[in-house]
Amino acid sequence: MLNIVKITDYMSENLIELNLKSKNKEEALKELSQLIEKSSKITSKEVVYKALLEREGLGSTGIGKEVAIPHAKTDAAEGLTIAFGISRDGIDFKSMDKNKVKIFFVFASPLKDSQIYLKVLARISRLIRDEKFREKLLHCKSSIEVIECINTEEAL
């Protein structure tokens, strides 16, 4: 039997924020690192924040279509952890297509755990290509709805 990796296996309701307050890229990374730090698998938000900033220094994780996937490999993560955020106004994230980002999937992953990390990253990248899925995410009214929305898409 295939061992299917599900995005929602690494998410939880308390790691979802549907109204990010940030106005720029640096504030967004700070706010997202504070969000992901709520996970018991994260030992230090400052380390995660610095790792996210370093990763962004290599090139924007704004992948286009109003989506960014900031991610960091760090020893401050005891297991793959994903937080999710929505910016209603959008944030200039220096995306490839120059559009502001509204949907954020942020990852923190242990240094040693790259197989699962890459599989989940690939899964999210596939799902967010679908405009209807992105619209559904933007219309979610609760953390539970976000998780249900992602679960539904993964089941298709």
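1. With respect to the pairing of strand S6 (residues 101-109)
The two faces of the sheet receive side chains in turn, since in a regular strand these alternate between them.
Stage number 1. The buried count for S6 comes to 8 of 9 residues, which makes it a mostly enclosed element.
Stage number 2. Pairing between strand S3 (residues 67-68) and S6: 2 bridges, direction parallel. Residue Ala-68 lies in a different strand from S6, and its bridge partner there is Phe-104.
Stage number 3. Judged from the 3 bridges that link them, strand S4 (residues 71-73) and S6 form a sheet pairing that is parallel. Residue pairing in the sheet places Ala-72 in a bridge with Ala-108 of S6.
Stage number 4. Bridge analysis of strand S5 (residues 81-91) against S6 gives 7 bridges, and the strand direction is antiparallel.

2. Here we look at the packing of helix H1 (residues 25-36) against helix H2 (residues 45-58)
Stage number 1. The N-to-C vectors of H1 and H2 enclose an angle of 140 degrees; their axes lie 9 Å apart at closest approach. Taken together, H1 and H2 sit at an angle that is classed as oblique. Every pair of crossing elements has a handedness; the one defined by H1 and H2 is right-handed. Counted together, Lys-25, Glu-26, Leu-29, Lys-30, Ser-33, Gln-34 and Ile-36 of H1 and Lys-45, Glu-46, Val-48, Tyr-49, Leu-52, Leu-53 and Glu-56 of H2 form the full contact between these two elements.

3. Examining the packing of helix H4 (residues 131-138) against helix H5 (residues 143-155)
Stage number 1. Between H4 and H5, whose axes approach to 9 Å, the crossing angle comes to 165 degrees. On the basis of the axis angle, H4 is roughly antiparallel to H5. Two packed elements cross with a definite hand, and for H4 against H5 that hand is right-handed. When H4 is examined against H5, the residues Phe-133, Lys-136 and Leu-137 are found in contact with a partner set consisting of Val-146, Cys-149, Ile-150 and Glu-153.

4. Topic: the confidence of the model for the protein
Stage number 1. Scored by pLDDT, the protein has a mean of 92; 97% of the residues are at 70 or more.
Stage number 2. At the level of individual helices and strands, the protein shows its lowest average pLDDT in helix H3 (residues 114-127), which scores 87, and its highest in strand S1 (residues 16-17), which scores 98.

5. A short note on the side chain of His-71
Stage number 1. On the secondary structure map, His-71 appears in strand S4.
Stage number 2. Residue classification places His-71 among the buried positions, given a relative accessible area of 11%.
Stage number 3. At 2.6 Å, the side chain of His-71 and the backbone oxygen of Ile-69 are in polar contact.
Stage number 4. Ignoring sequence-local partners within four residues, the contact set of His-71 consists of Leu-52, Arg-55, Thr-61, Phe-107 and Tyr-117.

About the cut-offs
Residues numbered from 1 in each chain as written. Predicted model: local features only at pLDDT ≥ 70, side-chain atom pairs only at ≥ 80, totals over all residues. Heavy atoms only, no water. Buried < 20%, exposed > 50% of the residue type's maximum accessible area, 1.4 Å probe, protein only. Helix = DSSP H or I, 4+ residues; strand = E, 2+ residues; numbered from the N terminus. Pairing = 2+ DSSP bridges. Axes fitted to C-alpha atoms, helices over the stretch in contact; angles between N-to-C directions. Parallel < 35°, antiparallel > 145°, perpendicular 65-115°, else oblique. Left-handed = near helix turned anticlockwise from the far one by under 90°. Contact = heavy atoms within 4.5 Å. pLDDT = per-residue confidence, 0-100. Polar contact = N/O pair within 3.5 Å; in protein donor to acceptor, adjacent residues only side chain to side chain.

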